[in-house]
Amino acid sequence: MTWMELAGWAITLAAAFLIGKLVSLCKLPSILGWLIAGMIFGPYGLGLLSQNLMDTAFYNVIINWMQVAFGIMLGAELIWRRIRSYGRALVVTTLTQSLGTFLVVSAVFGVLFHFTGIPVWLGFVFGSIALATAPAPALSIVQEFHTKGPVTDTLLPMTVMDDVVGIAVFFTVNALASKIVTGGASSWAVIPLMIFLPIGIGIVPGWITGRLLRRVKGRKAVLTVLLAGVTATQLLCWLVYTWPAAGLMPNYMLAGVAFSTVFSNMIDDEQLQKLTDWYSPVLGIALVISIVNLGAPLDYHLIIGAGVYTAVYILSRAAGKYFGARFGATVTHMPETVRKYLGLTLLPHSGVSLVFTGIICQTLASAPQLAQIVQGTIAAAAVINEIIAVIAAKKGFELAGEIRKGLRKAEAQNPD
């Protein structure tokens, strides 16, 4: 890592901010500009944000801290006294949209592979990658447009549950794929560990932070306690995943969600509202850096070479998310706007898909032709889908009337 590489990263972030502002003038989410900036200035573009820098421990510590930081927005929505009223509906709808996506994508690719001579079981690999939702893009839209309403209230806690379901399904399929390809035994114990370990990591710093937040007053003191808690959670995560849980895939965001869920349930609603308002600038910075990092590994050249598999993946995943969410919201009698538009807000995907693709390709190392199919399809889909998904997610909030409501509320609170 050199000073020139750090300067390149700084220039990339500044450019992302400016491009985001330009994109917002076109009535589109700023996140689209941040993603485009990541692709343009990343390793596959101008290289100002170099792969060498992205591989350093310093860079990854910063990114991991940011993941814990934006996990706070999700955890702050998991207030037990609030979610009791729609807890069953939330669980059912999460399962129908996530498992529905898994089944739809797996079935479509299974049929396609049956007629093209590719092992049918590889369809389940695509399904297991497809079901997860990347939370950062939706969070950035909520943050930018101050969305407020049933869709927002459902989406934010759902992204946490969706992450848990995605981990469970993906690593189950990954274990089965490993057994098929290598014939070796797989450790099923790692699956619940992947879910509950980061949650356990976040509980202790969350409890300590909650105790401190009950005692301190004022913006400066509250932010000091909160940022110290984020840092403590990130460091504890790093220690655990370095030793004794080395080799497991760390989930800093889920640890951040657990951290903030604990302290959010220890303070009253008025204090929590002040905290989230004061924390908003930090969250904005965390989202910009995280989204640029999300866009940097996306090779925009893949758009040209995208084939049938990529188109099938994008369309079948979108169908699974939209109709799965609509079915779950309908049978649980959720508000009409949730039934119609929640599925559109669940389409962002790329960060999770690329992580899962890297893991499954290692599993399929002894079958390189299958690994190549997965890698090529998902990499191209990540670029195309993320651009479409961000626009669709914003449109979903707009059709639900939650952007307009949110902006009116923000203007009323800040008349200047």
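Whatever comes next refers back to the structure up there.
All values derive from a computational prediction rather than experimental measurement.

Q: Could you clarify how one ought to interpret the pattern of salt bridges in this entry?
A: Pairs can form between side chains of opposite charge once their charged atoms are near each other. By the definition in use, this model includes four salt bridges. Among the salt bridges present, the one from Lys 321 reaches Asp 162, with a minimum N-O distance of 3.6 Å. Residue Lys 321 is found in helix H15 (residues 308-331), and its partner Asp 162 is found in helix H9 (residues 150-182); the two are separated by 159 residues along the sequence. A relative accessible area of 0% places Lys 321 in the buried class. According to the relative accessible area criterion, Asp 162 is buried, its value standing at 0%. One salt bridge in this structure joins Lys 394 and Glu 398, with 3.1 Å as the shortest N-O distance. Placement of the pair is Lys 394 and Glu 398 together in helix H18 (residues 368-399), with a separation of four residues, close to one helical turn.

Q: Just checking my understanding: could you explain the environment of Gln 362 for this structure?
A: Residue position: Gln 362 is located in helix H17 (residues 350-363). Take Gln 362: its relative accessible area is 64%, and that puts it in the exposed class.

Q: Looking at this structure, how should I read the packing of helix H4 (residues 57-75) against helix H12 (residues 252-264)?
A: Taken N-terminus to C-terminus, the directions of H4 and H12 make an angle of 40°; their axes are 7 Å apart at the nearest point. As the angle between them shows, H4 and H12 are arranged oblique. Every pair of crossing elements has a handedness; the one defined by H4 and H12 is right-handed. Contacts between H4 and H12 involve Asn 64, Gln 67, Val 68, Phe 70, Gly 71, Ile 72, Leu 74 and Gly 75 on the former and, on the latter, Tyr 252, Met 253, Gly 256, Val 257, Phe 259, Ser 260, Thr 261, Phe 263 and Ser 264. Here the residues of the contact of H4 with H12 sort into nine nonpolar, eight polar and no charged.

Q: Got a minute to help me understand the environment of Met 253 in this structure?
A: Within the fold, Met 253 resides in helix H12. Classification of Met 253 as buried rests on a relative accessible area of 7%. As a C-alpha pair, Met 253 and Val 68 span 185 residues in sequence and 4.8 Å in three-dimensional space. Beyond its immediate stretch of four places on either side in the chain, Met 253 contacts Gln 67, Phe 70, Gly 71, Leu 74, Pro 135 and Asp 163.

Q: Whenever I open this one, a nonpolar patch on the surface confuses me. Can you help?
A: A grouping of Ile 203, Val 204, Trp 207, Ile 208 and Leu 212 is seen on the molecular surface, where their side chains present a nonpolar patch of about 470 Å² in accessible area. Within the fold, Trp 207 resides in helix H10 (residues 190-213). Overall, the relative accessible area of 48% leaves Trp 207 in the partly exposed class.

Q: I tried to follow the packing of aromatic side chains on my own but got confused; where do I start?
A: To describe a pair of aromatic rings, you give the distance between the ring centres and the angle between the ring planes. Within this structure, the stated rule accounts for 14 aromatic pairs. With 6.4 Å between their ring centres and 55° between their planes, Phe 109 and Tyr 313 make a pair best called tilted. Of this pair, Phe 109 sits in helix H6 (residues 87-116) while Tyr 313 sits in helix H15, and the two are 204 residues apart along the sequence. For the residue pair Phe 109 and Tyr 313, the accessibility class agrees, reading buried in each case.

Conventions used here
- Think of each chain on its own: its residues are numbered from 1, step by step along the sequence as written.
- At least 70 in pLDDT is required for a residue's local features to be given in this predicted model, at least 80 for side-chain atom pairs to be given and counted, and no such filter applies to totals for whole chains, interfaces and linings, which use all residues.
- Note that water and hydrogens are dropped before the side-chain values are worked out from all heavy atoms of the structure.
- Any carboxyl oxygen of Asp or Glu that lies within 4 Å of a side-chain nitrogen of Lys or Arg is treated as forming a salt bridge with it.
- Here a helix means four or more residues in a row that DSSP labels H or I, a strand means two or more in a row labelled E, and each is numbered from the N terminus.
- When a residue's accessible area, from a 1.4 Å probe over protein chains only, is under 20% of the maximum for its type it is buried; when over 50% it is exposed; and in between it is partly exposed.
- Axis angles are defined between N-to-C directions and span 0 to 180 degrees, where every axis is a line fitted to C-alpha atoms and, for a helix, only to the segment in contact.
- If an angle is under 35 degrees, it is roughly parallel; if it is over 145, roughly antiparallel; if it lies from 65 to 115, roughly perpendicular; otherwise it is oblique.
- Left-handed describes a crossing whose near helix is turned anticlockwise from the far helix by less than a right angle; the clockwise case is right-handed.
- Working rule for contacts: check all heavy atoms of both residues, and any pair within 4.5 Å makes them a contact.
- Under the scheme applied, nonpolar residues are Ala, Val, Leu, Ile, Met, Phe, Trp, Tyr, Cys and Pro; charged residues are Asp, Glu, Lys and Arg; polar residues are all the others, including Gly.
- To count toward a patch, a residue needs a relative accessible area over 30% and no salt bridge; like charges are then connected within 9 Å, while nonpolar side chains (Val, Leu, Ile, Met, Phe, Trp, Tyr) are connected within 5 Å.
- Calculation of accessible area relied on Shrake-Rupley with a 1.4 Å probe; when residues are assessed, cover is drawn exclusively from the protein chains displayed.
- Working definition: rings of Phe, Tyr and Trp (its six-membered ring) pair if their centres are within 6.5 Å, and the pair is stacked with planes under 30 degrees apart, edge-to-face with planes over 60 apart, and tilted otherwise.

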